[in-house]
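# Report on the structure
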Amino acid sequence: MKKTFVAVTLGVCLSLLSPFSIAQASSPVQGVVAHYAKLVHASYSDALSAAQRMDQAINEFLTAPSNDSLAKARKAWLDAREVYGQTEAYRFYGGPIDDSNGPEGRLNAWPMDESYVDFVEGNDKAGIINNRKQPITKKALAALNERDGEENIASGWHAIEFMLWGQDLSETGPGNRSYEDFVDGKKPNADRRRQYLKVTSALLLDDLRSLVKAWSPGPASNYRASFEKGGQESLRKIFVGLGSLSRGELAGERLEVALASQDQEDEHSCFSDNTHRDAVANARGIENVWLGEYKRPDGEVLKGPGLQALVAAKDGGLADKTTRQIRASVEAAEGIQAPFDREIVGGKDAPGRKRVQKTIDSLVEQSRNLVEAANAVGIKRLTLVQP
């Protein structure tokens, strides 16, 4: 892929407020912050559990490669993405996921130059896998990730996606990598392909475990403990996460860029054609935080004080308007059809392009609502800029 990935600061420019002490934070603010931390921990825990199921399916596939075992591994990846996508509302403010040592770049960086990892159409010898002098270990892949270029993705969800689906060379469906790519004697370096997929999945689990640990309740020295004491500053971070994902990342980087270029290379999960579901999961993650509600994969619903209740106490009309707009964004994203790379092509009035544009417009409007909502609860210097 040929597009430069914009880092986590895309679309948001902040004038930081000085941290507030616990004494300055109101009890309702503390309640919202504490419940948010609970949602974050539950979401990352669920993402880890889903990734562990994916890892098990991948290992079963690698033990006995077949069309059936590959299909099960792909399904497990898709299921795990539904969970992980909702956690992206917890980014963009220098928390454990994306501070200077955070794993976000290893977990979810994109777009990916496929030839950095494995063979591509026209080059059977490309990539790390086909260089037998290159060790394939967790340490090596972490070091290779984004080395000498942001498209040089060597780890994370999209590296795993590429290994499971291969290049998407179809206009009507996803990639169609053969299971025989992993079978000795069928494709050169099949042993290294198996090793690469196994190690990449294991590295992803390590990174998710680090996030669960950072947000776990109890430890006095982890990130959650300090976040829960942050009062109004922690509340500001929550708004930063939602506003940045709404405008800069989801509406901007993930939808507007692709709509403008009409290029398959600019879609998020291009190998699996899962981009439409990525958008839904991201939009739902924003709604989870706003409402203070999160439905876990097992059906349990966590409920508590969210931003909506806090804003409603100051301006009920604004809270209702924002709630409706956020719901409209989820519904608009659900209207985007697969494959996404067909939705973005054609003239301005093409049905697919109109569906994507409707989602963008709703997200842009909700980002404005979120700025108003932040102002209503005393956060006056929060500024979201155009991506």
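See above for the structure.
Here goes a summary of the coordinates provided. None of the values given here were measured: they were computed from a predicted structure.

Moving on, we come to the packing of aromatic side chains. Under the defined criterion, the tally for this structure stands at 13 aromatic pairs. Considering the side-chain rings of Tyr 36 and Trp 215, the 6.1 Å spacing of their centres and the 75° angle between planes classify their relative orientation as edge-to-face. Taken together, the residues Tyr 36 in helix 1 (residues 27-63) and Trp 215 in the loop between helix 6 (190-214) and helix 7 (223-228) connect sequence positions 179 residues apart. Of the two residues, Tyr 36 and Trp 215, both sit in the buried class. A centroid spacing of 5.3 Å and a plane angle of 45° characterise the contact between Tyr 84 and Trp 157, whose relative ring orientation is tilted. Taken as a pair, Tyr 84 in helix 2 (residues 67-84) and Trp 157 in helix 5 (residues 157-165) lie far apart in primary sequence, 73 residues in all. Like Tyr 84, the residue Trp 157 is buried in the burial classification. Taken together, Tyr 36, Tyr 44, Tyr 90, Tyr 93, Trp 215, Tyr 223 and Phe 227 form an aromatic cluster joined through their ring pairs. The side chain of Arg 177 reaches across the aromatic face of Phe 162, ending 5.1 Å from its centre.

Counting through the fold element by element, Ala 159 comes out in helix 5. A relative accessible area of 0% places Ala 159 in the buried class. Along the sequence, Ala 159 and Glu 114 sit 45 residues apart, while their C-alpha atoms lie 8.3 Å from each other. Beyond its immediate sequence surroundings of up to four residues, Ala 159 is in contact with Met 112, Ala 154, Tyr 196 and Thr 200.

Here we take up helix 8 (residues 231-261). Given 3.6 residues per helical turn, the α-helix brings residues three or four places apart onto the same face. Compared with the 45 Å implied by 1.5 Å per residue over 31 residues, the 42 Å span of helix 8 between its first and last C-alpha is a close match. In the structure, helix 8 departs most strongly from a straight axis at Gly 252, where the bend amounts to approximately 45°. Taken across its 31 residues, helix 8 has 27 buried, putting it largely inside the fold. Gln 262 occupies a position one or two residues after helix 8 and carries a positive phi of about 55°.

Rules of the game
Residues numbered from 1 in each chain as written. Predicted model: local features only at pLDDT ≥ 70, side-chain atom pairs only at ≥ 80, totals over all residues. Heavy atoms only, no water. Phe/Tyr/Trp six-rings, centres within 6.5 Å; stacked < 30°, edge-to-face > 60°. Helix = DSSP H or I, 4+ residues; strand = E, 2+ residues; numbered from the N terminus. Buried < 20%, exposed > 50% of the residue type's maximum accessible area, 1.4 Å probe, protein only. Lys NZ or Arg CZ within 6 Å of the ring centre and 35° of its normal. Contact = heavy atoms within 4.5 Å. Expected span 1.5 Å × (residues − 1). Bend = angle between axes of the 7 residues up to and from the residue.

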